[in-house]
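Structural description and commentary
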Amino acid sequence: MEAIDHFLSVIPLPAYGPATGQLKLEIESAVQRLEEECGVSLCSCSSSSSKIDLSICANMAYAMVHLDRVSDAILLFESMQERAASQENVRVQVLALIERGILLRPCVEELESAKADLEAGLRLAQDHLGDDLDEFFQLNIVERGKFELGWLLFDKGEFGSAVEYLKAGLAPVHSFLGDAYRRLGELDLALEHANGCVSLGGGRQFNGYKLLGFVYMDRKEYKQAVESFREMALAAGEAEIFGVASFGWWAAGCLAVEHCSDCDQAVDCLVWSLKAALRIQGDLQLQARRLASANIWLLTCLLVQQHGRVISEFVCERIQDAGDQMVVPPSMQVLKGEAYGLLGVVMLSRGSLDDAYEHLDRGISLLPGDETKLLFRFHRAMGLLLSRRSEHDKALERFELCTALAPTERDKVSSHIRCCLEVKSCLDVVRAFEMFGRIQAEHAALLETDWDLRVDVMLGVGQCLFALGNNVQAQATLETAKETLEARERLADTRLGALYSMLFLCYVQSNRFSAAFELASRFQSKCGEYAYLMLYHGVANRLLGDNEASVKKLTDLLEASKDWTLRYSTLSSLAYAYRKMGDLDSALEKFDQALEEIPDNISIHAAQVYINRAGLFNDRGAEQQRKGKPVPAMASYEKALAEYDRAVQIMRRFGEWNLQDLVRAYAGEAVVHFHMKNYSVAMLKLDSATSLVSSDDALLMGKIKRIRASILAAEGRMEESASEAREAALLFADVQMKLQNMESAWVTLLDDDMKHIYYFMQKISSEANSFVDALLWAERSRMRLYFHLADQALRNSTPASPKLLDPLAFDKDDHHAASCIKEAVARAGCNSVVVEYAFSANHPLSSLLIYVVHSTVGEDFTVRFKRVRLQEFFASKENKVMGGNLDALIRKARTVIQRESHEAEAKVALGILYKLTVLPVWEHIEPHDTVIFAPQGTMSLVPFAALYDGSEGQFLVEKKNVGVIPSIRALRRCQLHQDHHHDHIDEPSFFVAGDPEPMGLDQPQLPGARKEAEEIAKQLGVDALVGAAMTKSSVMQALSNASVRVAVLATHGLVSPAYPHGALVMQGQNQQQGFNELTVGVTSSLRREVDLALKQQAVLHDQVLTAKEIERLEKGIAARLVVLSACQTGDGVVTSEGLLGLGRAVLQAGAACVLVTLWKVDDAATLQLMTGVFEELNKQHTIVEAVRFSMLKLIDSGKPIRFWAPLVALGSPTLRISLAEEA
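These numbers were taken from a predicted model, which means no experiment stands behind them. (Residues numbered from 1 in each chain as written. Predicted model: local features only at pLDDT ≥ 70, side-chain atom pairs only at ≥ 80, totals over all residues. Heavy atoms only, no water.)

On a plain count of helices and strands, the protein chain comes out with 57 helices and 18 strands. In the protein chain, which comprises 1223 residues, the share counted as buried stands at 57%. Within the protein chain, residue pairs in contact and separated by at least 24 positions form 67% of the contacts whose partners lie at least 6 positions apart. As displayed, the protein chain offers around 50900 Å² of accessible surface, 49% of which is attributable to carbon and sulfur atoms. (Helix = DSSP H or I, 4+ residues; strand = E, 2+ residues; numbered from the N terminus. Buried < 20%, exposed > 50% of the residue type's maximum accessible area, 1.4 Å probe, protein only. Contact = heavy atoms within 4.5 Å. Areas by Shrake-Rupley, 256 points an atom, 1.4 Å probe, with all protein chains shown as cover.)

Right, let's get into the pattern of salt bridges. Evaluated as defined, the whole model comprises 44 salt bridges. For E643, the salt bridge identified is with R646, shortest N-O distance 3.9 Å. Here E643 pairs with R646, and both are found in helix α32 (residues 630–652), just 3 residues apart, close to one helical turn. On the basis of relative accessibility, which here comes to 42%, the residue R646 falls in the partly exposed class. The partner of R780 in a salt bridge is D814, with the nearest N and O atoms 2.6 Å apart. Of this pair, R780 sits in helix α39 (residues 771–780) while D814 sits in helix α42 (residues 814–828), placing them 34 residues apart in sequence. Relative accessible area serves as the criterion here: at 0%, R780 is assigned to the buried category. Note on D814: relative accessible area 29%, which makes it partly exposed. (Salt bridge = Lys/Arg side-chain N within 4 Å of Asp/Glu carboxyl O.)

For α42, spanning 15 residues, the distance from its first C-alpha to its last is 21 Å, which sits close to the expected 21 Å at 1.5 Å a residue. For α42, the set of buried residues is A817, A818, S819, C820, I821, A824, V825 and A828. Just downstream of α42, G829 is the residue with a positive phi angle, here 100°. (Expected span 1.5 Å × (residues − 1).)

Where helix α31 (residues 604–626) contacts α32, the axes come no closer than 8 Å and their chain directions differ by 165°. Judged by the inter-axis angle, α31 sits roughly antiparallel to α32. Read as a crossing pair, α31 and α32 show a hand that is left-handed. Counted by class, the contact of α31 with α32 contains 16 nonpolar, 6 polar and 5 charged residues. (Axes fitted to C-alpha atoms, helices over the stretch in contact; angles between N-to-C directions. Parallel < 35°, antiparallel > 145°, perpendicular 65-115°, else oblique. Left-handed = near helix turned anticlockwise from the far one by under 90°. Nonpolar A, V, L, I, M, F, W, Y, C, P; charged D, E, K, R; others polar.)

This part takes up the environment of M783. By the secondary structure assignment, M783 is in the loop between α39 and α40 (784–795). The spatial distance from the C-alpha of M783 to the C-alpha of P966 is 7.6 Å, given a sequence separation of 183 residues. Setting aside anything within four residues of it in sequence, one finds M783 in contact with P966, S967, A970, E1137 and R1144.

The next point concerns the packing of aromatic side chains. In total, this model carries 17 aromatic pairs according to the counting rule given. Between F933 and F944 the ring centres are 4.2 Å apart and the planes differ by 15°, which places this aromatic pair in the stacked class. Note that F933 is positioned in strand β4 (residues 930–934) and F944 in the loop between β4 and β5 (948–949), a separation of 11 residues in sequence. One exposure class covers both F933 and F944, and it is buried. The side chain of K275 reaches across the aromatic face of W272, ending 4.5 Å from its centre. The ring of W777 carries R780 above its face, with NZ or CZ at 4.6 Å from the centroid. (Phe/Tyr/Trp six-rings, centres within 6.5 Å; stacked < 30°, edge-to-face > 60°. Lys NZ or Arg CZ within 6 Å of the ring centre and 35° of its normal.)

Bringing the side chain of N612 into the picture now. Mapping N612 onto the fold places it in helix α31. When sequence neighbours within four positions are dropped, the list of residues in contact with N612 reads Y576, R579, F591 and R664.

Our next topic: the nonpolar core. Counting residues in hydrophobic clusters, the biggest one holds 121 residues, and the most contacted among them are F229, L298 and F436. It is helix α13 (residues 242–258) that provides the largest number of residues to this core, a total of 11 residues. Excluding residues that lie within four positions of it along the chain, F436 makes contacts with I417, C420, L421, V457, G460, V461 and C464. Residues L889, V1146, A1149 and L1207 belong to the second largest nonpolar core, which totals 113 residues. (Core = buried A, V, L, I, M, F, W, Y, C linked by side-chain atoms within 4.5 Å.)

A separate point is the pairing of strand β18 (residues 1207–1211). Burial within β18 is extensive, with 5 of its 5 residues counted as buried. With 5 bridges connecting them, strand β17 (residues 1153–1157) and β18 associate as antiparallel partners. The partner of L1155 across the bridge, within β18, is A1209. (Pairing = 2+ DSSP bridges.)

An order of β11-β12-β13 is seen for the 3 strands of this open sheet, with the pairing classed as antiparallel. At either end of the open sheet lies a strand with only one pairing partner, and these are β11 (1053–1054) and β13 (1104–1106). With 2 bridges joining them, β11 and strand β12 (residues 1063–1065) adopt antiparallel strand pairing. Across the sheet, residue G1053 finds its bridge partner in β12, namely L1064.

A word on unusual backbone geometry. For the peptide bond that leads from E997 to P998, omega is -10°, which places it in the cis range. Among the secondary structure elements, P998 is positioned in the loop between β8 (989–996) and α48 (1007–1020). Positive phi values are uncommon outside glycine, yet L1001 reaches one of about 55°. Of note, L1001 is situated in the loop between β8 and α48.

The next point concerns the packing of helix α17 (residues 353–366) against helix α18 (residues 372–388). As a packed pair, α17 and α18 sit with axes 10 Å apart at the nearest point and diverge in direction by 155°. Viewed along their axes, α17 and α18 adopt a mutual orientation that is roughly antiparallel. As α17 runs across α18, the sense of the crossing is left-handed. Touching L353, A356, Y357, L360, D361 and I364 of α17 are L375, F378, H379, A381, M382, L385, L386 and R388, all from α18. Looking at the contact of α17 with α18, its residues break down into 11 nonpolar, 1 polar and 2 charged.

Summary statistics for the protein chain give a mean pLDDT of 80 and a share of 79% for residues scoring 70 or more. Taken element by element, the predicted model of the protein chain shows its lowest mean pLDDT in helix α50 (residues 1069–1079) (41) and its highest in β4 (98). The low-confidence segment residues 307–330 (pLDDT under 50) makes 51 contacts with residues lying over four places distant or belonging to another chain. Counted against residues more than four places away or in other chains, residues 1070–1098, with its pLDDT under 50, gives 38 contacts. (pLDDT = per-residue confidence, 0-100.)

A few words now on the state of the cysteines. One pass over the full model with this rule turns up 0 disulfides. Cysteine C420 shares no disulfide, and the gap to the nearest cysteine sulfur, in C419, comes to 7.0 Å. By relative accessible area, C420 is classed as buried at 1%. Free cysteine C1153: the closest other cysteine sulfur is in C974, separated by 7.4 Å. (Disulfide = S-S within 2.5 Å.)

Written out as structure tokens, the structure is:
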């Protein structure tokens, strides 16, 4: 009996197929013991089953299945069925019939017998067993029988009947049931079962993803189909079923390129398809099919990428179930050779040169000599690779071989072009230029009709002309090539990168910076390892103001550069960057090195160096003059004039070839003579420059007018000076308006010119006591991008949007601009006063201009003006104890405020700021209850409420309500939004959220923020979204909800290199969990390589809400008041455009007012401060009154400055929220 018990315990029930490994050994051991101890043999049990208990017979039959003795098991189940029938044992009858049917089903000849047995068994179970079945028997016998019968009917094509049986079967039938529904057109049901199959995991998971892919295809949801086939491939790859994995990747790639127009993703998928196909073992026919399928599609995608063509220009195959069926080339060796070669081509395109060389070399070695087309393609790729490695001699040999292998005249010409380029790279530019000439002469007919090759020739010729110093002709040739590509909408063509980079260099050498930046900004995404692209991206960084990044990139490039033209341009760009950083010595050093690189020191390139060196000597002279050193200054000016003279002498030899550089030289000489007070000579030089300027070059003409205005002002001709300066400002504004969708250019490209001209106009207007005019120029200098974007948004918005301020009219029409100012200050009320600041950022110790603006009787406005000379102010010992200039003082004040136990020191710093910014105009501020500050530059980081009047021992907030606005024009926009929300919201609501859990970016939880949200929500009569309920999607949706009047967000805020304009930390759970699931326990390198980086990027993105995302909310922000109760939400990047941060983004998106913080805040103190604000709002106070009274509570309770001073009400100060009524 022990042997029987042991046997029964060892045999798994039921049996799904032959056992392997340890289980098989245990079953064999149990059978042997049964035979030895009980005399029962599996070999004879079929014939003697009547002597054996039926339960033991069932286990014996299952043992036969486990030991792969299916025929014996069938006979035994048949014997059991007959015996059970005679004994009226329905349960055993059902078991025997179903198991016999399952075992017969795989045999085609026995399908009808299998069907009969399964139907009989199921009928018996339904008729006689009913609900008396235990769960094991129901699931493992009856339901399994239904599944097997459904599968059998599916194989017979009886899909309708198959659905009925599969529906009632086991969970693993999902894939077959879903496929049956798909074929019947029931796609929703098919999708449901496909997801069910995926959720099971295990061996059927990739079948579920496959079904998902086909269902999404039928629904024409191709992006989801691509993702499903990718998941199918990953799951199959993990199970090392490489044929299935290859199919999944192939299907994903085909769909990506054919229906999603995503060629890059298609290439990724098809590369993985090839890699999986190359790992298929044992089935050569399957491997051949998979290789052939992936090869042809990968080649198609590479052609699309190379030439920017559309997929319809190539042969496309429809993905179907029978997608494996295609004509297979006879030679497996050719297929493998093509696969390795194509993988090498892809690796080359991604910069993996060593891997690319290995795969190309292997592919070429596998291909027979008669495969000339493939050999041509891969030898050409190898030539490109060698060229990238600067092995130009070896590359030239490969391309010469390609000319012999070329299957067509076109391929031959293409190879000749590459030979020319390699000769040029070997520094034989003259020979290369001659070779291009022969190509044009010998293949003129082909080039006339083939624009593609014509572009290649023009690109090569343009590069040669540039290297030979013929910049003008090079520009003309390259611009023709660029226009040819753009006219055919080949914007994805890789040659555009080379064309744009060469044109960029030409423009930079010609000082056409506006044209250069436009090229750089349009092609920043194309920047890769290609040296010229690195160069123009480096110079673009300089134009964008990121000089340190530019220096690093260009220094790296210089070390790898061999060609003198590239080294010359790199050194020149480095010098520009150093000059921008104020390091004149390093800039001169780089220009000297650039001069040494030029083979002919009388070329145009040398003239450009002399012009730049002259500019540096002029800068040095101006600096020495400001420091009261007239003799060294005059010596520097003389050096500058000598350099300009050398440049002019060279350029006169070239006639009209370099007019822009000649204009630049004349204008530079004019500036030097202006500094030397030789005004008449300066004017003559400007006249010479003006005569050469093209009428459509607004930037250059603006620069000349700017210089002329300064000279006229120095001569006392103020009206003429103002006229010239105004024209210059309008020219710069016109140039700026042409920089559509180039936000960085708005902020920094025209930075120096625009800042100078707007400050200059304020200076001469104020000196003429035209304070309103001066204020208008101060306003025009601010937030130009802000109002441009607002105007663009208005043009794309619904008619219900409020009428905003036309930036063009504000620039050009003084009456319109003054009306905007009048409306803003009138709306703020007679009890409010606006204090606006302006200063020259280029000169830290120039004058601080203060405008005090307030409404008067009759809704007009008055402007009071005060000039504070910063050099005199900081000459006082007591005023410079915290820093010798304005920026230093502000930085020091913010630092000491945030330190514990530094209250006294903080009051000193805040007292100095008070004396500088408030005291000079206190007589105009004192009569008013509310003061609204409009700071400039770093003054945007000043905690104005905390400015300290040492004589009275009071903070400003103890005397006045304090608000902040970016500009008066911005105040008017906030007021319009405030009125718009009031007019258009019928049933206002509130949104409060805080302390998302778990906190994103691994930040700690904020119990104070959670309590703050709950308290404020209680005050507003709503429920707060806290913890897991506060998601990024819920926040973004609420901000855009038209009914939301107030939105409060209490979480972590941060400003960092990753988020320079600020970000709010959102919930991290779901995204991080997905990331952990990806990385924990995963052993497949396939999945890790494909998904890891993308998942990580998605995780980080979903865990923050950035300023840029707020700015670009599709529907904008509907809330009148947004509270960003988090650290540093009022911080950001200080630019000539203003402070770019979260607060600015919220106003840009449409809020009337936003509460922000200037530094890292205390969790508990912020709770008290913010809840206090809402308590005061509930008393019908304005927002600035509410902030003031809440601050006063903390001051009265002895809280340190750092706890209450960071809070700023940015935007409309008159905003009121009727909390009790609306709640």
